[in-house]
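# Breakdown of the fold
Each chain, written out:
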Amino acid sequence: MWIHNITVHVEPSIEQQWLKWMKEVHIPAYLATKQCNEVKMYRVLSDQDLGGVSYATQLFCASEENYQTFIKEHADALNQSVRQQFGESLLSFSTQLKEISIAK
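The residue numbering used here restarts from 1 in each chain and proceeds along that chain's sequence as written. In keeping with the predicted nature of the model, local features appear solely for residues at pLDDT of at least 70, side-chain atom pairs appear and are counted solely at 80 or more, and the whole-chain, interface and lining totals rest on all residues. Side-chain metrics in this entry use all non-hydrogen atoms of the structure; hydrogen atoms and water are not considered.

Further remarks concern unusual backbone geometry. For lysine 34, which is not glycine, the phi dihedral falls at a positive 65°. Structurally, lysine 34 can be placed in the loop between helix H1 (15-32) and strand S2 (38-43). Helix and strand assignments follow DSSP, with helices taken as H or I runs no shorter than four residues and strands as E runs no shorter than two, numbered in order from the N terminus.

Once that is clear, we can look at the packing of aromatic side chains. The criterion for an aromatic pair is that two Phe, Tyr or Trp rings (for Trp, the six-membered ring) have centres within 6.5 Å, with stacked assigned to planes under 30 degrees apart, edge-to-face to planes over 60 apart and tilted to the rest. Counting across every chain of the model gives four aromatic pairs. Between tryptophan 18 and tyrosine 55, the ring centres sit 5.2 Å apart and the planes meet at 45°, which makes this aromatic pair tilted. Of this pair, tryptophan 18 sits in helix H1 while tyrosine 55 sits in strand S3 (residues 53-61), placing them 37 residues apart in sequence. With a centroid separation of 5.2 Å and an interplanar angle of 75°, the aromatic rings of tryptophan 21 and phenylalanine 86 are classed as edge-to-face. Here phenylalanine 86 lies in helix H2 (residues 64-86) and tryptophan 21 lies in helix H1, a separation of 65 residues in the sequence.

What follows concerns H2. Note on bend: at a given residue it equals the angle between the axes fitted to the 7 residues ending there and to the 7 starting there. The sharpest bend along H2 measures roughly 55° and falls at histidine 74. Only protein chains enter the calculation, and the probe is 1.4 Å; a residue is then buried if its accessible area is under 20% of its type maximum, exposed if over 50%, and partly exposed in between. Every buried residue of H2 is accounted for by Tyr67, Phe70, Ala75, Leu78, Val82 and Phe86. In this analysis, two residues are considered to be in contact whenever any of their non-hydrogen atoms come within 4.5 Å of each other. Buried-residue contacts for H2 involve strand S1 (2-10), H1, S3 and strand S4 (90-98). In the segment just after H2, glycine 87 is the residue with positive phi, at about 55°.

Turning our eyes to something else, we now look at the side chain of glutamine 35. By the element assignment, glutamine 35 lies in the loop between H1 and S2. Here asparagine 66 takes part through its side chain, which lies 3.0 Å from a polar atom of the side chain of glutamine 35. When residues no more than four places from it in sequence are discounted, the contact partners of glutamine 35 are Phe60, Cys61, Asn66, Thr69, Phe70 and His74. Polar contacts here mean pairs of N or O atoms no more than 3.5 Å apart (in protein, one a potential hydrogen donor and the other a potential acceptor; neighbouring residues in sequence count only if both atoms are side-chain atoms).

Among the residues examined, phenylalanine 86 registers a relative accessible area of 7% and is labelled buried. Placed 75 residues apart in sequence, phenylalanine 86 and glutamate 11 show a C-alpha to C-alpha distance of 10 Å. Discounting chain neighbours no more than four positions away, the residues touching phenylalanine 86 are Ile14, Gln17, Trp18 and Trp21.

Right, let's get into the nonpolar core. Within the largest apolar cluster, 24 residues are counted, with the highest numbers of intra-cluster contacts made by Val10, Trp18, Tyr30, Leu59, Phe70 and Leu90. Those residues in contact with leucine 90 that lie beyond four places of it in its chain are Val8, His9, Val10, Ile14, Trp18 and Val82. Definition of nonpolar core: a set of buried residues of the types Ala, Val, Leu, Ile, Met, Phe, Trp, Tyr and Cys, connected through side-chain atoms within 4.5 Å.

It is the contact of H1 with H2, at a shortest axis distance of 12 Å, that shows an interaxial angle of 155°. In terms of axis orientation, H1 runs roughly antiparallel to H2. For the pair H1 and H2, the crossing hand works out as right-handed. Touching Gln17, Trp18, Trp21, His26, Ala29 and Tyr30 of H1 are Phe70, Leu78, Ser81, Val82, Gln85 and Phe86, all from H2. Under the scheme applied, nonpolar residues are Ala, Val, Leu, Ile, Met, Phe, Trp, Tyr, Cys and Pro; charged residues are Asp, Glu, Lys and Arg; polar residues are all the others, including Gly. Of the residues in the contact of H1 with H2, the class split is eight nonpolar, four polar and no charged. Every axis in this analysis is a line fitted to C-alpha atoms, fitted for helices over the stretch in contact. Angles between the N-to-C directions lie between 0 and 180 degrees. We call two directions roughly parallel when the angle between them is under 35 degrees, roughly antiparallel when it is over 145, roughly perpendicular when it lies between 65 and 115, and oblique otherwise. Crossings are assigned a handedness: left-handed for a near helix turned anticlockwise from the far helix by less than a right angle, right-handed for a clockwise turn.

Here it is in structure tokens:
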């Protein structure tokens, strides 16, 4: 399993608007690429007070091929849609993760 993790710091003034947009527009757009078979979203809990709240959104891809296709063909356009919608009210970074099987 390949995972594209996007961590976003959201200004409090747009948090509810951003969450609604993510649930109704952006997450369905991720799934519509057919490269991600699941999307999970988490609120980041930490002791740091940065004047906002952070969220992590994880896009699960079944294979490296799906992940690479997502990055090459869809990621830039999806990132641009976030910038168009919310401008400088968000700070984000992405990381690539690969699931490691653990023997039981």
